Amino acid sequence: MEDITPIPAAIVDEVYMKSGLSVLSKASIREMGKLVNEIEARSGKKFIHMEMGVPGLPATKIGVDAEIKALSEGVASIYPNIEGIPQVKKEASRFVKLMMDVDISPQGCVPTVGSMQGGLAAFMTAGFRDKKRDTILFIDPGFPVQKQQLSLLGIPYKTFDVYRFRGDKLKDKLESYLKDDNIAAIVYSSPNNPSWICLTDKELKIIGEKATEHDLIVIEDLAYFGMDFRKDYSVPGEPPFQPTVAKYTDNYLLMISASKIFSYAGQRIAFVAISDTLYHRKYPDLKLRFSSDEFGHYLVYGALYGISSGTSHSAQYALAAMLKSVNDGDFNFVDPIKEYGEKAKIMKRLFLENGFEIVYDKDEDLPLADGFYFTIAYPGMLSDELLKEFLYYGISAISLSITGSENKQGLRACVSFVQREELPVLEERLKIFAQNHPR
Ligand SMILES: Cc1ncc(COP(=O)(O)O)c(C=O)c1O
């Protein structure tokens, strides 16, 4: 094997053995990163990194400048308002109106320490609101850490892979979980991490109508807002608007993160946007844990206060400035990140030309968009085997099996960290892989 793979097999085998990771497909993103870094250090060969969902573009300068200005004016010494500074609340509410055509008052728009914290607070509030409804339902595949958050909270969850239940089929599938009335909330991301499927308006309508019918909350994770590049969602106040369940129910909470759309992951800033109706809904069981039974009040003064006493003051200024520039039509946030779609198109072609298949390939009858992630499989190879084999070829990814996908063969490939200059290297490595593994 030593002569025929780009990374010497002896090094891969030794590092892998020492890592203690017996089943590679169970490795988390960070564990995979650690293993690969070690092989790189030992072999002196750089990997094509497709495991981590880091932005890979410089942070939006408008945010950086606003944050520096706020810091130099002294905000670092002052606790931020937990509900968020007025500027960020106002611009978040405008953003939701101008980019989604949805009305949410500034009160319901609350900055969080990334959507990770927004999710944690949302899971707590939705999961604790009614003792009889204690279970969260994931429309998977999904972002694995969210399930870890539920384990931390002791909140049970159920999940199904939407792959075989697209379009009208989603209705009966959802009903099969909802009929017992123990589901507190439905969670999904769209565009989706890891599969990059985008739920269609028909599917969002089904979810929204079921949420109203069963009185449950939809937690819509829009970490990849506007990044379905098949349509241009970038013009404020003009259709097409980012599709959302908010059009079909009042029981929703949206999570909008600056990490990917503004390449601002390092500052951990996002916001939740809670529908006006949900914000003011009273859930008596919240009083078992807190002084108020109001959903929005609990989320802010019960959950967020307890977790971190609000969100970094300067990052709120950054978010307010970035949202304002988008809202005012001064900054097209989609332009810089379109690069991900363009790279994905090339990378998918390279994989397909070398015998791979795309696992999640359609939104109902439409070909999937090219974006931040795509999913691959090599016929006849299980994901564990493929992940391990990739190590010899200097390619890293993560297994779909940690994302709630029922697909046993698939891997998630993230395009963001792969540089254009690395694409010929990827092509060469895939060619050698295909030669060594004839189909
Ligand atoms: C679907 C999804 N939700 C949430 C997050 C976390 O976002 P944040 O960086 O704002 O915490 C990510 C990040 O990769 C994601 O992919």
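## Focus: the overall build of the protein
Within the protein, the regular secondary structure consists of 15 helices and 15 strands. Its C-alpha radius of gyration of 22 Å places the protein within 12% of the 22 Å reference for a compact globule of 439 residues. Along the longest, intermediate and shortest principal axes, the C-alpha atoms of the protein span 65 × 55 × 45 Å. Taken over 439 residues, the protein has a buried fraction of 51%. In the protein, once contacts between residues fewer than 6 apart in sequence are set aside, the share between residues at least 24 apart is 76%.

## Brief notes about the packing of helix H4 (residues 86-100) against helix H12 (residues 313-327)
The contact between H4 and H12 brings their axes to 8 Å, and the two run at 35 degrees. In the crossing of H4 with H12, the sense of the turn from one axis to the other is left-handed. The residues of H12 that touch H4, namely those facing Gln87, Val88, Glu91, Ala92, Arg94, Phe95 and Leu98, are Gln316, Leu319, Ala320, Leu323, Lys324, Val326 and Asn327.

## Thoughts on the nonpolar core
By size, the foremost hydrophobic cluster in this structure holds 140 residues, and its most contacted members are Ala185, Ile186, Ile217, Ala273, Leu319 and Ala413. Broken down by element, this core gets its largest block of residues, nine residues, from H12. When sequence neighbours within four positions are dropped, the list of residues in contact with Ile186 reads Leu137, Ile139, Ile207, Ala211, Leu216 and Val218.

## Re the site of the ligand
If you check the shell around the ligand, you find 13 residues, and the closest are Gly114, Ser115, Asn193, Ser257 and Ser259. Broken down by element, the residue count for the shell around the ligand peaks at three residues, all from helix H5 (residues 114-128). Counted by class, the shell around the ligand contains five nonpolar, seven polar and one charged residues.

## Re the domain arrangement of the protein
When the parts of a complex come together, some accessible area is lost, and that lost area is often used as the size of the interface. When its domains are assigned, the protein resolves into domain 1 (9-53 + 334-436) and domain 2 (61-327). Inter-centroid distance (C-alpha atoms) of domain 1 to domain 2 is 29 Å. Sorting the residues of the side of domain 1 that touches domain 2 by element identifies helix H13 (334-353) and strand S12 (373-377) as the ones contributing at least two each.

## Here's the deal with the sheet that holds strand S14 (residues 398-399)
An order of S9-S12-S15-S14 is seen for the four strands of this open sheet, with the pairing classed as antiparallel. Two strands close off the open sheet at either side, each with one partner strand: strand S9 (357-358) and S14. For S14 and strand S15 (residues 411-414), the ladder comprises two bridges, and the chain directions are antiparallel. Counted as the bridge partner of Ser399 is Leu411 from S15.

## What about the packing of H5 against helix H11 (residues 295-308)?
The description of two helices packed together rests on the angle between their axes and the distance between the axes. Close contact between H5 and H11 brings their axes to 9 Å; oriented N to C, the two are set at 125 degrees. When the axes of H5 and H11 are compared, the pair comes out oblique. Once H5 is placed against H11, the crossing between them reads as right-handed. Of the residues in H11, those in contact with Gln117, Leu120, Ala121, Met124 and Thr125 of H5 are Phe295, Tyr298, Leu299, Ala303, Leu304, Ile307 and Ser308. Looking at side-chain class alone, the contact of H5 with H11 contains nine nonpolar, three polar and no charged residues.

## Some details on unusual backbone geometry
Note the cis peptide between Ser190 and Pro191, where omega equals -5 degrees. Topologically, Pro191 is positioned in the loop between strand S5 (183-189) and helix H8 (201-214). Cis geometry marks the peptide bond from Asn193 to Pro194; its omega dihedral reads 20 degrees. Look at Ser309: it is not a glycine, yet its phi comes out positive at around 50 degrees. By the element assignment, Ser309 lies in the loop between H11 and H12. For Ser309, a count of 10 C-beta atoms within 10 Å translates into the label exposed.

## Describing helix H2 (residues 29-43)
The α-helix advances 3.6 residues per turn, and as a result positions three or four apart in sequence lie on the same side. With 15 residues, H2 ought to run about 21 Å at 1.5 Å a step, and its terminal C-alpha atoms sit 21 Å apart, in line with that. Those residues of H2 that are buried lie in contact with helix H1 (9-19), helix H14 (383-392), strand S13 (395-396) and S14. The positive-phi residue at the C-terminal boundary of H2 is Gly44, with phi of around 70 degrees.

## Focus: the pairing of strand S7 (residues 252-257)
Working note: regular strand, side chains alternate between the two faces of the sheet. Counting buried residues in S7 gives six out of six residues, a clear majority hidden from the surface. Alignment of strand S6 (residues 217-221) against S7, held across four bridges, turns out to be parallel. Note that in S7 the partner of Ile219 across the bridge is Leu253. As paired strands, S7 and strand S8 (residues 270-274) are joined by five bridges and run antiparallel to one another. Residue pairing in the sheet places Ser257 in a bridge with Ala270 of S8.

## Quick notes on the sheet that holds strand S4 (residues 157-161)
Ordered by their spatial adjacency, seven strands build an open sheet running S2-S8-S7-S6-S5-S3-S4, and the pairing between neighbours is mixed. Here the strands that pair on one side only, and so sit at the sheet edges, are strand S2 (109-112) and S4. Along the sheet, successive strands turn relative to each other by an average axial angle of 20 degrees, direction set aside.

## What about H8?
Here H8 contains 14 residues, and its C-alpha end-to-end distance of 20 Å stays within 8% of the 20 Å for a straight helix at 1.5 Å per residue. Those residues of H8 that sit buried are Glu203, Leu204, Ile206, Ile207, Gly208, Lys210 and Ala211. Residues of H8 that are buried in the fold lie against helix H7 (169-178), S5 and S6. Just downstream of H8, Asp215 is the residue with a positive phi angle, here 50 degrees.

About the criteria used
Residues numbered from 1 in each chain as written. Predicted model: local features only at pLDDT ≥ 70, side-chain atom pairs only at ≥ 80, totals over all residues. Helix = DSSP H or I, 4+ residues; strand = E, 2+ residues; numbered from the N terminus. Rg over C-alpha atoms; globule rule 2.2 N^0.38 Å. Buried ≥ 20, exposed ≤ 12 C-beta atoms within 10 Å, placed from the backbone. Contact = placed C-beta atoms within 7 Å. Axes fitted to C-alpha atoms, helices over the stretch in contact; angles between N-to-C directions. Left-handed = near helix turned anticlockwise from the far one by under 90°. Core = buried A, V, L, I, M, F, W, Y, C linked by C-beta atoms within 7 Å. Near = placed C-beta within 6 Å. Nonpolar A, V, L, I, M, F, W, Y, C, P; charged D, E, K, R; others polar. Domains from an automatic or database assignment. Pairing = 2+ DSSP bridges. Parallel < 35°, antiparallel > 145°, perpendicular 65-115°, else oblique. Expected span 1.5 Å × (residues − 1).

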